[in-house]
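Notes for the structure review
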Amino acid sequence: MKALVWHGTNDVRVERVPDPTILNGRDAIVKITSSAICGSDLHLLDGYIPTMQTGDILGHEFMGEVVEVGAENKKLKVGDRVVVPFTIACGGCFFCNRELWSLCDNSNPNAWMAEKLYGYTTSGLFGYSHLTGGFAGGQAQYARVPFADVGPLKIPDGIPDGQVLFLSDILPTGYMAAENCDIKPGDVIAVWGCGPVGQMAIRSAWLLGAERVVAIDSVPERLRMAKEMNRAEIINFERDDVFDRLKSITGGRGPDACIDAVGLEAHGATLDAYLDQAKAAAFLATDRPNALREAIFACRKGGTVSIPGVYGGFLDKIPFGAAFQKGLTFKMGQTHMMRYMKPLLDRIERGELDPSFVITHRLPIDQAATGYRMFRDKQDECIKVVLKPH
Amino acid sequence: MMSSAQNVAEVERWASALGGAGIALYGIRQGSAAGAMIAASGGILIARGATGYCPMYAATGVSTADTDTRVALRLGRGGHVEQAATINRSAAELYRYWRNFENLPRFMAHLVSVQQVDQRHSHWVAKAPAGRTVEWDAEIINEIPNELIGWRTVDRADVISAGSVRFTPAGPDRGTEVHLRLKYEPPGGRVGSAVAWMLGHDPRQIIQEDLRRFKQLMEAGEVPTTKGQPRGKQSILNYD
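Note that the coordinates shown come from a computational prediction; the quantities given were computed from them, not determined experimentally.

Tallying the contact residues gives 43 residues for chain A and 29 residues for chain B. Carbon and sulfur atoms make up 45% of the area that chain A and chain B hide from each other, which totals about 2,700 Å². It is Gln53, Thr54 and Asn106 of chain A that lose the most area in chain A upon contact with chain B, and together they represent 20% of the buried surface on that side. There are 4 salt bridges connecting chain A and chain B. Here Arg98 of chain A ties to Asp173 of chain B by a salt bridge, and the two come within 3.5 Å at their closest N and O atoms. The interface formed by chain A and chain B includes 20 residue pairs in polar contact (both at pLDDT 80 or more).

Structure representation (structure tokens):
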């Protein structure tokens with residue numbers, strides 16, 4: 001089959017690899033009909049995530065048709081149309097039983113590696129380094145899905161792929177980010193990053209009853225999308241001082257909750273952002289957290305900082321004093337997918353939600369490498385790329 | 001000395017010390033090689049009496065002093081490892097699976113097979129260096145249903161390795177703590193050196209991975225893997 005393969009920083013290629021096979025009883029093989037490139041895939045392209053190996057197949061936002069089912073899998077059958085969540089969960093451990101699906105004890109074959117870096121292992125992920133299991137990803141024509149009787153969500157025929165594909169990651173991720181803000185009537189929510197997750201977070205914040213939503217970015221078409229399609233007030237951080245603007249928008253009090261939908265590769269226009277770039281380049285720090293710093297600083301006293309943006313290692317110069325003195329609440333982590341997929345599918349089916357608005361480009365899988373570059377360099381107003389493997 | 005290092009009851013300690021002294025004296029009077037051996041074994045009993053600690057009891061989970069499973073193993077030679085995991089199943093379920101020793105090779109990476117001979121005795125086959133195998137017989141020497149299993153090897157009466165596993169409920173809806181302890185003595189001939197080899201340079205890690213597989217089997221019904229999945233062209237710099 002064809003698959004998008006990682007060969008090193010700035011080097012991904014589509015090549016022919018063997019087809020996947022059933023390896024465990026609860027597995028399923030999915031013939032992929034749509035697969036997206038995620039903002040977090042860019043961290044892999046840019047070499048920010050450790051424990052990648054050449055030959056790794058990327059991709060964790062995919063859906064398709066079940067073509068083979070393992071002997072122990074009693075839930076799926078050949079022909080089922082499914083969206084596959086990016087996290088892999090066993091369904092039987094302490095964490096799965098508490099719906100903390102992304103913290104599953106049993107789905108990372110390289111648990112020891114994660115234990116060395118994080119103390120404990122979290123769940124396996126598709127196509128996202130060996131630290132999270134080294135599972136072959138879904139930017140391919142077929143994928144093997146482990147514990148496929150827990151994660152994949154069956155999708156009725158009749159809904160186009162584009163409307164349900166993002167149930168695999170960015171829609172539940174944006175939704176959980178907003179839910180983590182514990183939105184009360186009258187709340188002002190500020191969202192850093194108007195990429196796909198940021199857009200989903202803005203839309204979810206409205207669904208959960210926010211009074212006002214403020215979106216922060218510097219890319220014109222992303223700000224435009226936030227404003228025109230998602231009714232957010234916008235701040236361009238290259239033109240305005242984010243803190244001053246947020247303060248004036250909120251009458252001096254500050255946003256009730258701040259969402260960092262940027263993560264470890266923030267592009268800022270402030271001095272600390274340039275310092276972060278220099279430090280990361282010199283391996284003095286692994287992550288570039290200036291969106292997070294700004295969110296912590298801008299958040300009102302007693303407010304919440306919700307972090308769907310990915311962080312992987314060590315962060316420098318976090319204003320922890322500000323966080324402590326202001327009594328902030330932090331909520332973060334990989335999304336507990338299976339809590340949100342079904343309820344969000346119901347909303348999509350009822351016509352309350354259509355996340356397909358973020359798609360700007362559809363490409364055949366042969367052009368996946370081009371899609372990565374366009375997405376990273378924001379060429380051609382690229383916001384979200386969907387690959388068609390067949 | 002912390003009391004947790006004691007696993008022999010007070011009366012038994014006195015009996016050990018006095019009995020040991022008698023045996024030692026008898027051995028010394030013999031004035032022969034056999035006598036020296038007898039004297040030495042008497043010495044062990046004296047030590048057991050003096051310290052309240054029996055290494056054999058410790059490895060196999062026996063304690064007549066108290067019920068603390070964390071009795072330190074501190075034999076001069078050989079080694080011991082202890083690891084724990086919390087598993088989201090009842091103690092009874094875990095005990096039942098483990099008590100059928102024939103299941104052990106499903107999660108203990110270095111075992112090839114275990115055959116149950118009778119209720120107490122079993123025959124173990126393990127991987128050894130250079131693709132060979134090594135075999136031994138083991139007997140269960142301590143057993144509390146749903147709580148504890150203790151075993152040791154029986155090989156020409158030499159005790160080369162011993163182990164115990166204890167299942168302790170972790171609280172309402174919190175699963176069961178599983179504490180695994182293994183003790184082995186490298187000088188015990190072929191079997192001992194094979195055990196030492198299989199535990200490698202980082203026995204804690206190996207036992208931890210064995211326990212992890214046990215947990216995965218019990219909670220998920222299978223061990224997660226990527227072996228055999230497709231991948232693209234690899235660099236020679238890849239480390240796996």
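On we go from here.
On to the side chain of Lys215 of chain B. Within the secondary structure, Lys215 of chain B is located in helix 6 (residues 203-220). Here Lys215 of chain B is in contact with Asp105 and Asn106 of chain A together with Thr86, Ile87 and Ala220 of chain B, once residues within four sequence places are set aside.

Now for the pattern of salt bridges. Where charged atoms of side chains with opposite charge meet at close range, the side chains can pair. Residues and elements named next belong to chain A. Counting across every chain of the model gives 33 salt bridges over all chains. Between Asp366 and Lys2 there is a salt bridge, with the nearest N and O atoms lying 3.1 Å from each other. Within this pair, whereas Asp366 is found in the loop between strand 17 (361-364) and helix 13 (368-377), its partner Lys2 is found in strand 1 (residues 2-8), the two being separated by 364 residues in sequence. When its relative accessible area of 48% is taken as the criterion, Asp366 is described as partly exposed. Ionic pairing is found between Asp80 and Lys154, a salt bridge with its closest N-O pair at 3.6 Å. Taken together, the residues Asp80 in the loop between strand 5 (61-69) and strand 6 (81-84) and Lys154 in strand 10 (residues 153-154) connect sequence positions 74 residues apart. Here the salt bridges do not stand alone but share partners, grouping Asp46, Arg376 and Asp377 into one network.

Take the sheet that holds strand 4 (residues 56-57) of chain A next. All names here are of chain A. Pairing within the open sheet is antiparallel, and its 3 strands lie in the order 2-1-4. The two strands at the open ends of the sheet, each matched to only one other strand, are strand 2 (11-16) and strand 4. Alignment of strand 1 against strand 2, held across 6 bridges, turns out to be antiparallel. Its bridge partner being in strand 2, Trp6 is matched across the sheet by Val12.

Now for the side chain of Glu139 of chain B. Residues and elements named next belong to chain B. On the secondary structure map, Glu139 appears in strand 4 (residues 133-144). Only 3.0 Å separates the side chain of Glu139 from the side chain of Arg120, close enough to count as a polar contact. Glu139 has contacts with Arg120, His121, Gly150, Trp151, Arg152 and Val154, leaving out every residue within four places of it along the chain.

Before going further, it helps to spend a moment on the pairing of strand 6 of chain A. Residue and element names in this part refer to chain A. Burial along strand 6 is two-sided: Arg81 and Val83 facing one way and Val82 and Val84 facing the other are all buried. Pairing of strand 5 with strand 6 involves 4 bridges; the strand directions are antiparallel. Pairing of Phe62 across the sheet is with Val84, part of strand 6. The sheet contact formed by strand 6 and strand 10 spans 2 bridges and is antiparallel. The residue bridging Val82 from the neighbouring strand is Lys154, located in strand 10.

Moving on, we come to the confidence of the model for chain B. Looking at chain B as a whole, its pLDDT mean stands at 76, while 56% of the residues score no less than 70. Counting interchain partners and residues more than four positions distant, the pLDDT-below-50 stretch residues 65-76 of chain B has 38 contacts.

How each quantity is defined
Going along each chain's sequence as written, the residues are numbered from 1 onward. Ligands are numbered from 1 and chains lettered from A, in the order in which they are written. A pLDDT threshold of at least 70 governs which residues receive local features in this predicted model, and a stricter bar of 80 or more applies before side-chain atom pairs are shown or counted, although totals over entire chains, interfaces and linings include all residues. As a rule here, side-chain values cover all heavy atoms of the structure and leave hydrogens and water aside. In what follows, a contact means two residues having at least one pair of non-hydrogen atoms within 4.5 Å. Defined here as a combined quantity, buried area equals the accessible surface (1.4 Å probe) lost by two parts on assembly, summed across both. Salt-bridge detection follows one rule: a side-chain nitrogen of Lys or Arg within 4 Å of a carboxyl oxygen of Asp or Glu. In protein, a polar contact means a hydrogen-donor-capable atom and an acceptor-capable atom, both N or O and within 3.5 Å, with residues adjacent in sequence counting only if both atoms are side-chain atoms; elsewhere, any N or O pair within 3.5 Å suffices. Comment: elements are numbered from the N terminus, with helices defined as DSSP H or I runs of at least four residues and strands as E runs of at least two. For every residue, the accessible area obtained with a 1.4 Å probe (protein chains only) is divided by the maximum for its type, and the residue is called buried under 20%, exposed over 50%, and partly exposed between those limits. In this analysis, strands are considered paired if DSSP registers two or more bridges between them. pLDDT expresses, on a scale from 0 to 100, how confident the predictor is about each individual residue.

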